[in-house]
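Given next are the chains, with one letter for each unit.
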Amino acid sequence: MHDPLEFRHLRYFLAVAEAGSFSRAADRLGISQPSVSQQMRDLEANLRVALFQRRGKRILLTPRGLIFQEHARVILRQLENFLQELNSEPGQLRGALHLGVVPVLNVPLVPHLMGLFTADHPGISVIIEEISSTEIETALEEGRMDVGLGFLTRHSPNLRYECLCKDQFALIVSEKHPWARRRMLPFAELHQQRVLQLSDTFVMRRMIDEICLKHQVRPRTIAEINAIETLLRSLAPLRAAALMPKIALRGREGLKLKAIPLRGKDLGLEIGLLRLSGSAANSAVAAFTSLVKRVVPKLIKE
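Cut-offs applied
- Residues numbered from 1 in each chain as written.
- Predicted model: local features only at pLDDT ≥ 70, side-chain atom pairs only at ≥ 80, totals over all residues.
- Heavy atoms only, no water.
- Helix = DSSP H or I, 4+ residues; strand = E, 2+ residues; numbered from the N terminus.
- Buried < 20%, exposed > 50% of the residue type's maximum accessible area, 1.4 Å probe, protein only.
- Areas by Shrake-Rupley, 256 points an atom, 1.4 Å probe, with all protein chains shown as cover.
- Lys, Arg positive; Asp, Glu negative; His and termini not counted.
- Charge placed at Lys NZ, Arg CZ, Asp CG, Glu CD.
- Axes fitted to C-alpha atoms, helices over the stretch in contact; angles between N-to-C directions.
- Parallel < 35°, antiparallel > 145°, perpendicular 65-115°, else oblique.
- Left-handed = near helix turned anticlockwise from the far one by under 90°.
- Contact = heavy atoms within 4.5 Å.
- Nonpolar A, V, L, I, M, F, W, Y, C, P; charged D, E, K, R; others polar.
- Pairing = 2+ DSSP bridges.
- 1 Å grid on protein atoms, 1.4 Å probe; cavity = no way out; pocket = protein on both sides within 12 Å on 5 of 7 lines; lining within 4 Å.
- Points joined across faces, edges and corners; volume = space filled by probe spheres on them.

Colleague: Whenever I open this one, the overall build of the protein chain confuses me. Can you help?
Modeller: Helix and strand counts for the protein chain come out as nine helices and twelve strands. For the protein chain, the proportion of its 302 residues judged to be buried stands at 47%. A total accessible area of about 16,100 Å² is found for the protein chain, and carbon and sulfur atoms account for 50% of it. A distance of 7 Å separates the average location of the 42 positive side-chain charges in the protein chain from that of its 31 negative side-chain charges.

Colleague: For this particular structure, what's the right way to read the packing of helix 2 (residues 22-29) against helix 3 (residues 33-47)?
Modeller: The relative placement of two packed helices comes down to the angle between their axes together with the axis-to-axis distance. Where helix 2 meets helix 3, the closest approach of the two axes is 8 Å, and the angle between their N-to-C directions is 110 degrees. One finds that helix 2 runs roughly perpendicular with respect to helix 3. Between helix 2 and helix 3 the crossing geometry is right-handed. Along its contact with helix 2, which presents Phe22, Ser23, Ala26 and Leu29, the element helix 3 presents Gln33, Val36, Ser37 and Met40. Of the residues in the contact of helix 2 with helix 3, the class split is five nonpolar, three polar and no charged.

Colleague: Please explain the pairing of strand 11 (residues 257-263) as it appears in this structure.
Modeller: Looking along a regular strand, one sees the side chains alternate between the two faces of the sheet. Relative to strand 11, strand 6 (residues 159-174) runs antiparallel, the two sharing five bridges. Following the sheet pairing, Ile172 is matched in strand 11 by Ala259. With two bridges connecting them, strand 7 (residues 185-186) and strand 11 associate as parallel partners. Directly across from Pro186, in strand 11, lies its bridge partner Arg263.

Colleague: What exactly am I supposed to notice about empty space enclosed by the protein here?
Modeller: Empty pockets left among the atoms are what a rolling probe the size of a water molecule brings to light. The final tally for this structure, using the stated rule, is two cavities of 30 Å³ or more. In this structure, the largest cavity encloses a volume near 80 Å³. In terms of lining residues, the largest cavity is bounded by Val102, Pro103, Val104, Ser132, Ser133, Phe151, Phe202, Val203, Met204 and Ile228. The volume enclosed by the second largest cavity comes to roughly 40 Å³. Along the walls of the second largest cavity sit Leu196, Gln197, Leu198, Arg205, Ile208, Leu231, Ala242, Leu243 and Met244, which together make up its complete lining. Listed by contribution, the elements that provide at least two residues to the lining of the second largest cavity are strand 8 (194-197), helix 7 (203-214) and strand 10 (242-245).

Right under this line is the structure:
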């Protein structure tokens, strides 16, 4: 009697689910299309569950196939990490770390953290994705990512949120802006002032909109830009300001921008780690988490 599930079944299944085609999955795996099709038929027969459905030429997952996909990703990642650790030298960590980071924190934190982490753990391969908070939370829940670094929204009951430090929203302006020498600015003064905004796909933009609503302030948005770096570099040419956490300027000293503190309510936000609740952290995640908890609070205070 054959085992209902083998290692290759997980790899083949996920390849088909991602490609939406047996032939494209076969190309990516470097094997024949009939072999992939047969393996998937065997998998469905052994599990006694239909995993795929056809829509024209495209292969889609059934509801049970979606459930299987969620768990297959987690199992495959854990198995790969286990095999890497098993073959490592005693005392040396091996494995993989898939990190998601929100755009505003990438430049201020990631280069320094990765320098320290890779120096201490050269046997761990690192994948870093700069994506939105919502995408990080989804990737963590689906097992496609190990850990996230971002703002703690606490939106998902399936995730564990750990605060590393706190920051404040400030008004970011160029050194040539008329307000550049202001030491403090009442939030109410932002009414009808020229600002650049991120698109509403950013959690940070939605946080800013809520703050403006609470203060009954409507800044005059002259442009929406979906890239942090482009937005910051546009402040001087457009003679505009932006609402962002103060940490946004760390590592960007060459842009000659200033963060003016604001006087208002609910201007604070938490920066921290996001992980899937109840998941056993592999050694790579544990090592990274330990480093981040030790280093990030110090970086913010500098």
